[in-house]
Amino acid sequence: MKKDNVLEKAQQAANYLLDISSKTSKFSDIYLILGNDFFNHDTYYNQTTKGTPQDSEGDYGNSFYDALTFCTQIINNFVTKGYKVHVFSPKGNHDASKSQFLQAALKKIYETASTVTINFSTKDRQYFTVGEVSFMVTHGDNIKYQKLPTIFAVENPYSWTNKFKVVLTGHTHRKGEISFISTDEDLGIDIKICPSLSKTDKWHYENGYIGNKRRAVAFLYSKDLGELATFNSISI
């Protein structure tokens, strides 16, 4: 049986998304969101951060090396094509420690790069703003989606007055979208539940979380006009 190389397919997905989005509009910056259970396990014994056993391919050290290699290849490819790259990597509930090791490694690798910014943070929720669009990136495992708009406003009050506010999350391993619109349309906030490229493991199979389309997604934003388009990679 042929091995399901998720990292290889993820690289293909990233290249595909860049190709189709760049044909739609010209842009100079890419905000690359990693993390969100980038690693399925967090310990040497193939366990999550809280000790839940996992089905994982590869050992602890090699999986980290493969992930770091994948990330640098993706980043370097974007830079070679002339883009500035900003990397965010919110920790997940599976890999709270290992994902931070990855952030630290990337931070060191690109510390002198003028076209790459690694946003090294241990916080569950990370924020950035581009023009009139403010973003929160979070794994989303600890907080109900309905609370996120309030948390956004409290933690990031200076950007709350921006015209567009977006939360990018991915804990549920499915694709979806929720919109919170206040009485003033300009104070709306979109919560985007991003899909996953990971295949179904034993736990998801036994609990009936099967059949989800494995794909990556890219969002095209204008700093003045907000979201312009959404692109999906080919399902695998």
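The subject of this paragraph is the nonpolar core. Residues Leu32, Ile75, Phe78, Val87, Leu106 and Ile118 are the most contacted members of the largest nonpolar core, which totals 21 residues. Residue assignment for this core shows that the elements contributing at least two residues are helix H1 (6-24), strand S1 (29-33), helix H2 (60-80), strand S2 (84-88), helix H3 (98-109) and strand S3 (116-119). Excluding residues within four positions of it along the chain, Leu32 makes contact with Ile74, Ile75, Phe78, Val85, His86, Val87 and Phe88.

Bringing the pairing of S1 into the picture now. Only one face of S1 is buried: it carries Ile30 and Leu32, and the other face, with Asp29, Tyr31 and Ile33, is open. Judged from the five bridges that link them, S1 and S2 form a sheet pairing that is parallel. Directly across from Tyr31, in S2, lies its bridge partner His86.

With that settled, consider the sheet that holds S2. The parallel open sheet is built from three strands, whose spatial order is S1-S2-S3. Across the chains shown, the open sheet's two edge strands, defined by having one partner strand only, are S1 and S3. Within this sheet the neighbouring strands show an average axis-to-axis angle of 15°, counted without direction.

In this structure, His86 sits in strand S2. The class of His86 is buried, set by a relative accessible area of 16%. Side-chain polar atoms of His86 contact the side chain of Asp29, separated by 2.7 Å. Setting aside chain neighbours within four positions, we find His86 in contact with Asp29, Ile30, Tyr31, Leu32, Thr117 and Asn119.

Further remarks concern the packing of aromatic side chains. The tally for this structure, following the rule as stated, stands at seven aromatic pairs. Ring centres of Tyr127 and Phe152 lie 5.3 Å apart, and the angle between their planes is 80°; on these two criteria the pair is classed as edge-to-face. Pair noted here: Tyr127 is in strand S4 (residues 125-130) and Phe152 is in helix H4 (residues 148-155), with a separation of 25 residues, a long-range link. Using a relative accessible area of 22% as the deciding quantity, one classes Tyr127 as partly exposed. We classify Phe152 as buried; its relative accessible area is 0%. Each ring, one from Phe128 and one from Phe135, has its centre 4.7 Å from the other, and the planes form 15°; the classification is stacked. The residues Phe128 and Phe135 share a single accessibility class, namely buried. Counting every residue linked through ring pairs, the aromatic cluster contains Tyr31, Phe88, Phe128, Phe135 and Tyr221. Seen from the ring of Trp160, Lys165 lies directly overhead, with NZ or CZ sitting 5.1 Å from the centre.

All right, on to the confidence of the model for the protein then. For the protein, per-residue confidence averages 78 on the pLDDT scale, and 68% of positions sit at 70 or higher. Summarising per-element confidence for the protein, the mean pLDDT is lowest in strand S7 (residues 176-180) (45) and highest in S2 (95). For residues 173-187, every residue scores under 50 in pLDDT, and the model assigns this stretch 39 contacts once sequence neighbours within four places are set aside.

Next up on the list: H1. Here H1 is 19 residues long and its end C-alpha atoms lie 27 Å apart, about the 27 Å a rise of 1.5 Å per residue gives. All of the buried residues along H1 are Ala10, Ala13, Ala14, Leu17, Leu18 and Ser21. Taken around the axis of H1, the buried residues stretch over an arc of 130°, which confines them to a single face.

Turning our eyes to something else, we now look at H4. Three or more residues of H4 are buried, namely Leu148, Pro149, Ile151 and Phe152. Viewed end-on, H4 has its buried residues packed into an arc of 165°, placing them on one side of the element. Facing away from the buried side of H4, by more than 90 degrees, are the exposed residues Thr150 and Val154.

Once that is clear, we can look at the environment of Gln103. Examined against the element boundaries, Gln103 turns out to sit in helix H3. By relative accessible area, which is 1% here, Gln103 ends up buried. Here the alpha-carbon distance between Gln103 and Thr122, two residues 19 residues apart in the chain, equals 9.2 Å. Sequence-distant contacts of Gln103, that is, excluding residues within four places in its chain, are made with Ser89, Ile118, Asn119, Phe120, Ser121 and Gln126.

Rules used throughout
- Residues numbered from 1 in each chain as written.
- Predicted model: local features only at pLDDT ≥ 70, side-chain atom pairs only at ≥ 80, totals over all residues.
- Heavy atoms only, no water.
- Core = buried A, V, L, I, M, F, W, Y, C linked by side-chain atoms within 4.5 Å.
- Buried < 20%, exposed > 50% of the residue type's maximum accessible area, 1.4 Å probe, protein only.
- Helix = DSSP H or I, 4+ residues; strand = E, 2+ residues; numbered from the N terminus.
- Contact = heavy atoms within 4.5 Å.
- Pairing = 2+ DSSP bridges.
- Axes fitted to C-alpha atoms, helices over the stretch in contact; angles between N-to-C directions.
- Polar contact = N/O pair within 3.5 Å; in protein donor to acceptor, adjacent residues only side chain to side chain.
- Phe/Tyr/Trp six-rings, centres within 6.5 Å; stacked < 30°, edge-to-face > 60°.
- Lys NZ or Arg CZ within 6 Å of the ring centre and 35° of its normal.
- pLDDT = per-residue confidence, 0-100.
- Expected span 1.5 Å × (residues − 1).
- Arc of directions from axis to C-beta.

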